[in-house]
Amino acid sequence: MPDLVYLNNVSKLYGSKVALNGVNLTIPSGKVIGLLGPNGSGKTTLIKLLCGLLTPTQGNISICGYPVGPMSKAVVAYLPDRTYFPEWMKVREMLDYFCDFYKDFRRPLAEMMLANLRIDPNAPMKTLSKGTKEKVQLILVMSRYAALYLLDEPIAGVDPVARDFILDTIIRAHNPESSVIISTHLITDIEQALDSVIMIKYGNIALCGDTDGLRKAWNMNIVDIFKEVFKGCF
């Protein structure tokens, strides 16, 4: 499949602090990709650059051939690492909002996933637990028919029993011609779902490749490769 995302010499500075340092990267279509690295490595900065919440200090980014802007934002579905819904809204009102705001939102799919997780669509957001709010947010994002899904710690706040269901939802619900980038520290939980990984270290790409090839080359699983790459960084 053709490449979906291009980054050409992309850097991001916050004052004198370098968050990303001259990153060159291509991301193909039809892949589930793990974005891995310790806190402060640049993962969230990269995701926010891709969804247009930040602009690079230098370099260029394109998604589906568009520079980051209104055209690229229309094909990107973003899940932040914290909930942002108004507490007074009901779950079904959030579905209404997504229907109005996103032409690619698939409401029947969202309703089916809510039912599978036994989440009441008439429940106000303020009555839901933190983990359930995160599930609702994930369902809404994955119910879009996007070209690129950017998920920042999508399973960090949910119980282990729900993680398999949520990962299955991510794999099954996304547009099969799209790619999903999952930023997470819970590598063991998602390793089997990943086609490839991008490891970021101090704002630089430390390792990038398909998971099967990396396992063969290193003769170890992705968790142990991660430990080797980031030895001494914690």
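Residues numbered from 1 in each chain as written. Predicted model: local features only at pLDDT ≥ 70, side-chain atom pairs only at ≥ 80, totals over all residues. Heavy atoms only, no water.

## Comments concerning the side chain of Ser-72
Looking at where Ser-72 falls in the secondary structure, it is placed in helix α2 (residues 70-73). Within polar-contact distance, the side chain of Ser-72 engages the backbone nitrogen of Gly-69 at 2.9 Å. Contacts of Ser-72, omitting those with residues within four sequence positions, involve Ile-63, Tyr-66 and Pro-67. (Helix = DSSP H or I, 4+ residues; strand = E, 2+ residues; numbered from the N terminus. Polar contact = N/O pair within 3.5 Å; in protein donor to acceptor, adjacent residues only side chain to side chain. Contact = heavy atoms within 4.5 Å.)

## Examining the pattern of salt bridges
Taken as a whole, this structure holds 9 salt bridges when the rule is applied. Linking Lys-133 and Glu-87 is a salt bridge whose minimum nitrogen-to-oxygen distance equals 2.9 Å. Of the two residues, Lys-133 sits in helix α5 (residues 130-142) while Glu-87 sits in the loop between β6 (76-79) and α3 (91-101), which places them 46 residues apart along the sequence. Assessed through its relative accessible area of 37%, Glu-87 is described here as partly exposed. (Salt bridge = Lys/Arg side-chain N within 4 Å of Asp/Glu carboxyl O. Buried < 20%, exposed > 50% of the residue type's maximum accessible area, 1.4 Å probe, protein only.)

## Let's talk about the pairing of strand β1 (residues 3-14)
The sheet contact formed by β1 and strand β2 (residues 17-28) spans 8 bridges and is antiparallel. Each bridged residue has a counterpart across the sheet, and for Val-10 the counterpart in β2 is Val-23. In this structure, the hairpin formed by β1 and β2 is closed by a connection of 2 residues, where Gly-15 is found at a positive phi of approximately 65°. Examined bridge by bridge, β1 and strand β4 (residues 58-63) share 5 bridges and lie antiparallel to one another. Residue pairing in the sheet places Ser-11 in a bridge with Gln-58 of β4. (Pairing = 2+ DSSP bridges.)

## Overview of the packing of aromatic side chains
A complete count under the given rule lists 6 aromatic pairs for this structure. A ring pair is formed by Phe-98 and Tyr-102, whose centres lie 5.1 Å apart and whose planes are at 50°; its orientation type is tilted. Aromatic ring contacts, followed pair by pair, group Tyr-97, Phe-98, Phe-101, Tyr-102 and Phe-105 into a single cluster. (Phe/Tyr/Trp six-rings, centres within 6.5 Å; stacked < 30°, edge-to-face > 60°.)

## Quick look at the sheet that holds strand β7 (residues 148-152)
Strand order in the open sheet made by the 6 strands is β6-β7-β8-β3-β9-β10, with mixed pairing throughout. The sheet is open, and its two borders are formed by β6 and β10 (204-210), each paired with just one other strand. In this sheet, neighbouring strand axes are inclined to one another by 15° on average, regardless of whether the strands run parallel or antiparallel. Looking at chain direction, β7 and strand β8 (residues 179-183) are connected through 5 bridges and run parallel. Of the residues in β8, the one forming a bridge with Leu-150 is Ile-181. Most of the contacts of helix α1 (residues 43-50) go to β7, to which it runs at about 145°, and overall it touches β3 (32-36), β6, β7, β8 and β9 (196-201). Set on the sheet, helix α8 (residues 211-218) makes contact with β9 and β10; between it and β10 the angle comes to about 100°. (Axes fitted to C-alpha atoms, helices over the stretch in contact; angles between N-to-C directions.)

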